[in-house]
Amino acid sequence: MRRIFDVKGRPADNPVIVHVRSIEDARELAEVPPLAERLAAAYWPGPLTIVLPARPIVPDVVTAGRDTVAVRAPNHPVFQSILERLGEPLAAPSANPSGTPSPTCAEHVLSDYHGAVPVVDGGACTIGVESTVVQPLHDCVVLLRPGSVSREDLAAIVDVPIVMPSAAQVGASPGTRYRHYAPRACVRVFERESDVRTACGRASGRNSCVVLSRLPIEGVRDVRFMSRATLYDELRRADHLGVDEILVHCDGDVRADEAWMDRLLRAASTTETLPEP
Ligand code: AMP
Ligand code: MG
């Protein structure tokens with residue numbers, strides 16, 4: 001378990017998600033309140049991680065000494081069969097050096113670790129961003145990390161507010177505190193096409209850049225088309241090209257996608273802000 005932290009260079013205070021086969025497995029590890037039962041019934045197996053009060057059986061190294069444990073039932077058949085054969089819950093983070101873009105296919109892991117860790121190849125990820133992380137409390141559900149199970153998906157299942165974490169709750173979920181998912185190149189996000197064009201013109205004068213967009217941008221050649229599923233792949237590709245800047249055009253659809261925007265803003269090394277969609 002400690003080797004996971006060594007290999008990833010992960011801060012010891014960042015707890016690891018425990019993967020389970022079902023809600024029954026989760027009950028062995030944690031207290032499962034009714035709100036959590038309902039969310040798990042709706043979205044497990046799937047990309048929803050639920051932070052719950054941990055039972056003493058969960059080792060401190062997994063919870064980073066906290067009194068909560070984050071559990072998730074994955075829906076990938078290969079991972080499900082690993083859990084089935086193991087017959088026990090499995091603590092497992094994403095297979096990337098801490099702080100770098102998460103891997104979305106086996107090649108990313110092989111290249112990040114230069115083949116030093118064994119890889120089970122289950123094919124490319126279809127969602128492309130990490131799981132939604134929630135903490136059901138007595139009278140609300142705290143959205144600790146947005147993901148493809150959206151705020152609306154959560155609200156459709158529970159009749160309490162879905163709330164953003166307080167400063168203290170962010171502290172309790174350290175992964176959301178760090179600059180995360182960042183490539184080496186400077187990521188800059190823009191709302192308007194015209195601003196992308198201007199930045200692109202400046203960049204071509206002194207440094208190199210790639211432009212990511214869902215849509216063509218008039219006057220800009222070589223736009224790389226991104227989707228949420230290919231975002232991390234595109235960030236990595238830009239790093240392999242050795243460019244200085246990654247210019248990202250966030251149209252209304254991108255801005256309306258909370259998980260997509262969250263990852264882009266975390267990857268962005270500048271503080272240019274975008275208005276609400
Ligand atoms: P990763 O394993 O890299 O996908 O990240 C897991 C995310 O879940 C990180 O943001 C962690 O900080 C968060 N997390 C894991 N365990 C807990 C926990 N017990 N309480 C709160 N957040 C957690
Ligand atoms: Mg991770």
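The preceding data block contains the structure.
Residues numbered from 1 in each chain as written. Chains lettered and ligands numbered in written order. Predicted model: local features only at pLDDT ≥ 70, side-chain atom pairs only at ≥ 80, totals over all residues. Heavy atoms only, no water.

Caption draft 1: Quick peek at the side chain of Glu-130. Counting through the fold element by element, Glu-130 comes out in the loop between helix 6 (106–112) and strand 5 (132–136). A polar side-chain atom of Glu-130 sits 2.4 Å from a polar atom in the side chain of Ser-102. A polar contact is formed between the side chain of Glu-130 and the side chain of Arg-263, at a distance of 2.8 Å. (Helix = DSSP H or I, 4+ residues; strand = E, 2+ residues; numbered from the N terminus. Polar contact = N/O pair within 3.5 Å; in protein donor to acceptor, adjacent residues only side chain to side chain.)

Caption draft 2: Region of the structure containing the nonpolar core. Among the nonpolar cores identified, the biggest contains 32 residues, and Trp-44, Leu-48, Ile-50 and Val-71 are the most heavily contacted of them. Listed by contribution, the elements that provide at least two residues to this core are helix 2 (23–29), helix 3 (34–43), strand 2 (48–53), strand 3 (68–72) and strand 6 (141–145). Considering each element in turn, this core owes the most residues, 5 residues, to helix 3. Core analysis: the second largest hydrophobic core is formed by 20 residues, Tyr-232, Leu-235, Val-248 and Leu-264 among them. (Core = buried A, V, L, I, M, F, W, Y, C linked by side-chain atoms within 4.5 Å. Buried < 20%, exposed > 50% of the residue type's maximum accessible area, 1.4 Å probe, protein only.)

Caption draft 3: Spotlight on the sheet that holds strand 7 (residues 162–163). In spatial order, the strands read 4-1-3-2-5-6-7; together these 7 strands make up an open sheet with mixed pairing. Every interior strand has two partners, whereas the edge strands, strand 4 (90–91) and strand 7, have only one. Sheet analysis places strand 2 next to strand 3, joined by 4 bridges and oriented antiparallel. The residue of strand 3 that forms the bridge with Val-51 is Ala-70. (Pairing = 2+ DSSP bridges.)

Caption draft 4: Fine view of the pattern of salt bridges. As enumerated under the stated definition, the model contains 20 salt bridges in all. Where Glu-130 meets Arg-263, a salt bridge forms, and the shortest distance between an N and an O atom there is 2.8 Å. On the criterion of sequence distance, the pair formed by Glu-130 in the loop between helix 6 and strand 5 and Arg-263 in helix 12 (residues 258–267) is long-range, its members being 133 residues apart. A relative accessible area of 11% places Glu-130 in the buried class. The class for Arg-263 is buried, based on a relative accessible area of 0%. Two residues, Asp-262 and Arg-266, come together in a salt bridge whose shortest N-O distance is 3.2 Å. Here Arg-266 and Asp-262 lie together in helix 12, a separation of 4 residues that amounts to about one turn. (Salt bridge = Lys/Arg side-chain N within 4 Å of Asp/Glu carboxyl O.)

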